[in-house]
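Summary of the model geometry
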Amino acid sequence: MDTDTLLVGCAAGFSGDRTDAAAPVVRTLIARGRPACLVFETLAERTLALAQLRRLDDPQAGYEPQLEAMLGPVLADCLGHGIRIVGNFGAANPVAAARKILALAGALGLSPPRVAVVAGDDLSGPSFRPLLAARSGEVTPESELISAHAYIGAEPVAAALRGGAQVVVAGRIADPVLALAPALAHFGWALDDWNRLARATMAGHLLECGAQVSGGYFADPGYKDVPDLHAIGFPIAEIDAEGNCVIGKADGTGGCVTTHTVKEQLLYEIHDPAAYLTPDVVADITAAEVRQVGENRVSLTGVAGHPRPAALKASVFSEGGWVAEGEISYAGPGAERRARLAAEILARRLPGLALRVDLIGVLSVLGDDAGRALAGRPAGAAQDVRLRVAAAARDRGDVERLLRETTALYTCGPAGGGGVRTSMRRRLHTRSCMVPREAVRTSWRMVAADE
Amino acid sequence: MSDAVKVPARRLAHARTGDKGNRCNIGVIAWHPALYPILVEQLTEEAVAAWFATRAPAKVARYLLPRLEAINFVLDEALDGGVNESLNLDSHGKALSFLLLSMPIEIPDWAVDLLAGDDPPRPSTIADRRHP
């Protein structure tokens, strides 16, 4: 048996992922009987800004809302078998998340685990405003800034693990850190061991979207068939002392791990494959190779690393006004022409509001906000068409008009329109910038149950 | 007249879209090593930019990964502002991989047996090829 590998199982790829994903992964990790950890990735860019808004409403909120549902089924088994847990489920409030985990352990009758939080990513405070304004070239009025976070690296997470943490709660760490940090803590690599860091970073990259590497987001019937997709298993990476990995998945689950599922995820959200930028290393996959080394087992080798960037990426969110959407359906003969007429009526009733028009059933998601694709498409004879119109504006009152005009299509619009739905929501404005590494001080500490 | 068979790229490759801000990447992976050079030859930056013209990308960059038999396309400013700004229902642009996979690709005779999927090339062109 290969004892010098670290198993990293992934139990969530985004906030809102399945809460029953973790249990089969943990069962598999226990059965393997090797050093292992379990990671949760629950933090898309937008998720963090929404978490910050929740925290503003309630100082005890702002972490992953599903935290208890995600950890509850596996916390006892992980603590009992020495499987460390690392997640960015702290979102905008890691300390509150840590307290929640301690309370959960108490409710489960477990002795209090050592829960660490990682800090330093949050740049939302007033002291960072001049830096963010200078770096992003955009000054946000005090009242409109919602959140600013830097993508921080593996150091504080690995330090917390080496410091004995059983659970590490982070906010905006770069996603691949979820695998890199446990590997750093386990193997003790130097922080400038660029090749090893890059390899483990790409293992983390493969894991960070959960089932997207094990047959999720892959199926295309007749072309790419995936067994038992309804019961898809989440991935497990076996990382060796060189940082190379074999991707597998939880035992007794659906899905598949093939060279094709791995290649799709390897390129996911990659730009220049010679320079995948992370806080810890610049990874280069131009010479990477993937090989099927067993059933549902694929190896990744050949990843190279270059010195880490001098600056860290930060995302800044501010108030972005309002978005409104209205929908109405037309069916049967002439449906498409009636839907197009309804769109024209809305445009004439709402001068000054730039409308996005979709004819669902004819052309929608492949269209564009300016309407170029739809304009280039002659009116057809589709018989089941849902008109969707969307608009954004700074002031709520401006987009509210769209809701009223869509509803009015019932009696004032073309014949046979039905199923009106309208909605309105706040919009977030986002921008990214690079901030000097020295401006971002990261740290970690254990959280006491009675804090 | 050319008797070349044209099939959607989906029969030669599979693909996945990723997004960061207003930038979209589409990883395209050949189903078979022998199909990869055909994709490299025909899925040029210019061809992809033209196919995505209504999304008005500011730039299309192509990166070749021969060891993975894959191509990575990066389309700048193709997402109407990106996930937080676009009014598209699919503000991530998740569906764009299938727009790329609908691009017609000319394939030589020898490659027909390597194609994925179960929808055959157009019957007329099959007839042309078998009875020149």
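Counting restarts for each chain: residues are numbered from 1 in the order of the written sequence. All chains are assigned letters beginning at A, and all ligands numbers beginning at 1, according to the order in which they are written. Where local features are concerned, this predicted model is filtered to residues with pLDDT of at least 70; where side-chain atom pairs are given and counted, the filter is 80 or more; whole-chain, interface and lining totals use all residues. Hydrogens and waters are ignored; side-chain quantities use all the structure's heavy atoms.

1. Side note on the environment of A:Gln265
Inclusion rule: Here a helix means four or more residues in a row that DSSP labels H or I, a strand means two or more in a row labelled E, and each is numbered from the N terminus. Contacts were defined at the residue level, with two residues in contact if any of their heavy atoms lie within 4.5 Å. In the analysis that follows, any N or O atom pair within 3.5 Å is treated as a polar contact, provided that within protein one partner can donate a hydrogen and the other can accept it, and provided that, for residues neighboring in sequence, both atoms belong to side chains.
Its location among the elements puts A:Gln265 in helix H10 (residues 259-267). Those residues within four positions of A:Gln265 in sequence are excluded, and the remaining contacts are A:His205, A:Leu206, A:Cys209, A:Gln212, A:Val213 and B:Arg16. At a separation of 2.9 Å, a polar atom in the side chain of A:Gln265 contacts the side chain of A:Gln212.

2. Some points on the domain arrangement of chain A
All names here are of chain A. Filter applied, for reference: Per the annotation, domain bounds derive from an automatic or database assignment of domains. For any pair of parts, buried area is found by adding up, for both, the accessible area (1.4 Å probe) each one loses once the two are put together. Every case where a carboxyl oxygen of Asp or Glu lies within 4 Å of a side-chain nitrogen of Lys or Arg is listed as a salt bridge.
Here the domain parsing of chain A yields domain 1 (5-311 + 433-446) and domain 2 (316-432). Relative placement of domain 1 and domain 2: their C-alpha centres are 38 Å apart. If you look at the interface, domain 1 gives 16 residues, while domain 2 gives 10 residues. When the two sides are added together, the surface that domain 1 and domain 2 hide from each other amounts to roughly 1200 Å², 55% of it contributed by carbon and sulfur. Viewed at the interface, domain 2 and domain 1 are joined by one salt bridge. The interface formed by domain 1 and domain 2 contains five residue pairs in polar contact (both at pLDDT 80 or more). Elements with a contribution of two residues or more to the side of domain 1 that touches domain 2: helix H2 (45-57), helix H6 (129-136) and strand S5 (145-150).

3. Structural notes on the interface of chain B and chain A
Interface extent is often summarised as the accessible area lost during association of the parts. Just so we agree on the cut-off: Here the term charged refers only to Asp, Glu, Lys and Arg, the term nonpolar to Ala, Val, Leu, Ile, Met, Phe, Trp, Tyr, Cys and Pro, and the term polar to all other amino acids, Gly among them.
Listed as interface residues are 44 residues of chain B and, on the opposing side, 51 residues of chain A. Around 4300 Å² of area is buried between chain B and chain A when both sides are counted, 54% of it from carbon and sulfur atoms. It is B:Arg16, B:Asn84 and B:Leu87 that lose the most area in chain B upon contact with chain A, and together they represent 21% of the buried surface on that side. For the pair chain B and chain A, the number of links is five salt bridges. Measuring nitrogen to oxygen at the nearest pair gives 3.4 Å for the salt bridge that ties A:Lys263 to B:Glu69. Secondary structure elements with two or more residues in the side of chain B that touches chain A: strand S2 (13-20), strand S3 (23-30), strand S4 (59-65), strand S5 (70-76) and helix H3 (96-100) of chain B. Here the side of chain B that touches chain A is built from residues that sort into 18 nonpolar, 11 polar and 15 charged.

4. Here we look at helix H13 (residues 396-412) of chain A
Residue and element names in this part refer to chain A. Rules: Here the expected span of a helix is defined as 1.5 Å times the quantity of residues minus one. Type-normalised accessible area, obtained with a 1.4 Å probe on protein chains alone, sets the label of each residue: buried when under 20%, exposed when over 50%, and partly exposed for intermediate values.
Over its 17 residues, H13 runs 24 Å from end to end, which matches the ideal 24 Å to within 8%, given 1.5 Å per residue. Taken residue by residue, H13 has Val399, Leu402, Leu403, Glu405, Thr406 and Leu409 as its buried positions. The inward-facing, buried residues of H13 contact strand S14 (311-331), helix H11 (335-349), strand S16 (384-393) and strand S17 (418-436).

5. Focus: the environment of B:Cys24
Residue and element names in this part refer to chain B. Position of Cys24 among the secondary structure elements: in strand S3. Looking at Cys24, the relative accessible area reads 0%, which means it is buried. Distance from Cys24 to Gly93, taken between C-alpha atoms, is 7.3 Å for residues 69 residues apart in sequence. When neighbours within four sequence positions are excluded, Cys24 is seen to be in contact with Thr17, Gly18, Asp19, Phe73, Val74, Leu75, Leu79 and Leu96.

6. Focus on the packing of aromatic side chains
Spelled out, the test is: In this analysis, rings of Phe, Tyr and Trp, with Trp reduced to its six-membered ring, are considered paired at centre separations within 6.5 Å, and the interplanar angle assigns stacked below 30 degrees, edge-to-face beyond 60, and tilted for intermediate values. Look at NZ for Lys and CZ for Arg. If either is within 6 Å of the ring centre and within 35 degrees of the ring normal, a charge sits over the ring.
Tallied over the entire structure, the rule returns two aromatic pairs over all chains. Taken together, a centroid distance of 5.6 Å and an interplanar angle of 50 degrees make the contact between A:Phe40 and A:Phe89 tilted. Of this pair, A:Phe40 sits in strand S2 (residues 36-40) while A:Phe89 sits in the loop between strand S3 (84-87) and helix H5 (94-107), placing them 49 residues apart in sequence. For the residue pair A:Phe40 and A:Phe89, the accessibility class agrees, reading buried in each case. Taking the ring centre of A:Tyr151 as reference, the NZ or CZ of A:Lys313 above it sits at 5.2 Å. Of note, B:Arg10 hangs over the ring of A:Tyr223, and the distance from its end group to the ring centre comes to 3.6 Å.

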